[in-house]
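Close look at the chain arrangement
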Amino acid sequence: MPLPAPRLLLLACCWLPVAALADSALSTARQAELETLLYQDCGSCHGMTLRGGLGPPLPRSRMNAYDRDGLAALILNGVPGTAMPGWAGLLSEQEARWLADHLQNDNPLDE
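Note that the coordinates shown come from a computational prediction; the quantities given were computed from them, not determined experimentally.

Helix and strand content of the protein: five helices and zero strands. For the protein, the sequential pattern of α-helices and β-strands runs α-α-α-α-α. Across the 111 residues in the protein, those meeting the buried criterion constitute 28%. A fraction of 63% describes how many contacts in the protein between residues 6 or more apart in sequence connect residues 24 or more apart. Total accessible area on the protein is roughly 7300 Å²; 62% of this is exposed by carbon and sulfur atoms.

Okay, structure coming up:
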């Protein structure tokens, strides 16, 4: 049964602050943790300097072949049929988007 209009409006007004919080910036400490995760955990396959290893290299030029949300989805869901795992159990969508943005814009590796 649909909610009456006044309740639906109240629910929408209560949801707005939650939605705004979801888009707030990550703390500096969390960004540092994510950067460590990138170079340590992702680096275990992609190389500690992201130049490749078991997995392919991750230069900025390659990362910019994806849009940010597409790259974040790849991080969260992995690549079926490959050794690339999904990280959705450990990362939020916001954190995956931060990693994608970092790989595309702050990545020191470029070919």
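Anyway, onward from the coordinates.
To continue, consider the nonpolar core. Counting residues in each nonpolar core, the largest one holds 21 residues, and the members touching the most others are L38, L50, I75, L91, L99 and L103. Only α2 (28–46), α4 (68–77) and α5 (93–106) provide two or more residues apiece to this core. The residues touching L103, leaving out its near neighbours within four places in the chain, are L38, L50, L58, R60, M63, L71 and I75.

Attention now moves to the state of the cysteines. Summed over all chains, the structure comprises zero disulfides. Here C42 stays free of any disulfide, with the sulfur of C45 as its closest cysteine sulfur at 8.7 Å. Classification of C45 as partly exposed rests on a relative accessible area of 29%.

Turning our eyes to something else, we now look at the pattern of salt bridges. Taken as a whole, this structure holds four salt bridges when the rule is applied. Between E33 and R30 there is a salt bridge, with the nearest N and O atoms lying 2.9 Å from each other. Residue E33 and its partner R30 are located together in helix α2, separated by three residues, close to a single helical turn. In this structure E33 comes out as partly exposed when scored by relative accessible area, which is 44%. Residue classification places R30 among the partly exposed positions, given a relative accessible area of 23%.

When you line up the elements, H46 lands in helix α2. Overall, H46 belongs to the buried group, its relative accessible area being 12%. If near-sequence neighbours (up to four positions away) are discounted, H46 is found in contact with R51, G52, G53, G55, P56, L58 and M84.

Below, the discussion takes up the environment of Y66. With respect to the helices, strands and loops of the structure, Y66 is situated in the loop between α3 (60–63) and α4. Overall, the relative accessible area of 34% leaves Y66 in the partly exposed class. Measuring from C-alpha to C-alpha, the distance between Y66 and Q104 comes to 8.9 Å, with 38 residues separating the pair along the chain. Filtering out sequence-adjacent residues up to four positions away, Y66 remains in contact with L71, L74 and Q104.

Cut-offs applied
Residues numbered from 1 in each chain as written. Predicted model: local features only at pLDDT ≥ 70, side-chain atom pairs only at ≥ 80, totals over all residues. Heavy atoms only, no water. Helix = DSSP H or I, 4+ residues; strand = E, 2+ residues; numbered from the N terminus. Buried < 20%, exposed > 50% of the residue type's maximum accessible area, 1.4 Å probe, protein only. Contact = heavy atoms within 4.5 Å. Areas by Shrake-Rupley, 256 points an atom, 1.4 Å probe, with all protein chains shown as cover. Core = buried A, V, L, I, M, F, W, Y, C linked by side-chain atoms within 4.5 Å. Disulfide = S-S within 2.5 Å. Salt bridge = Lys/Arg side-chain N within 4 Å of Asp/Glu carboxyl O.

All we've got here are geometric facts, nothing functional implied.
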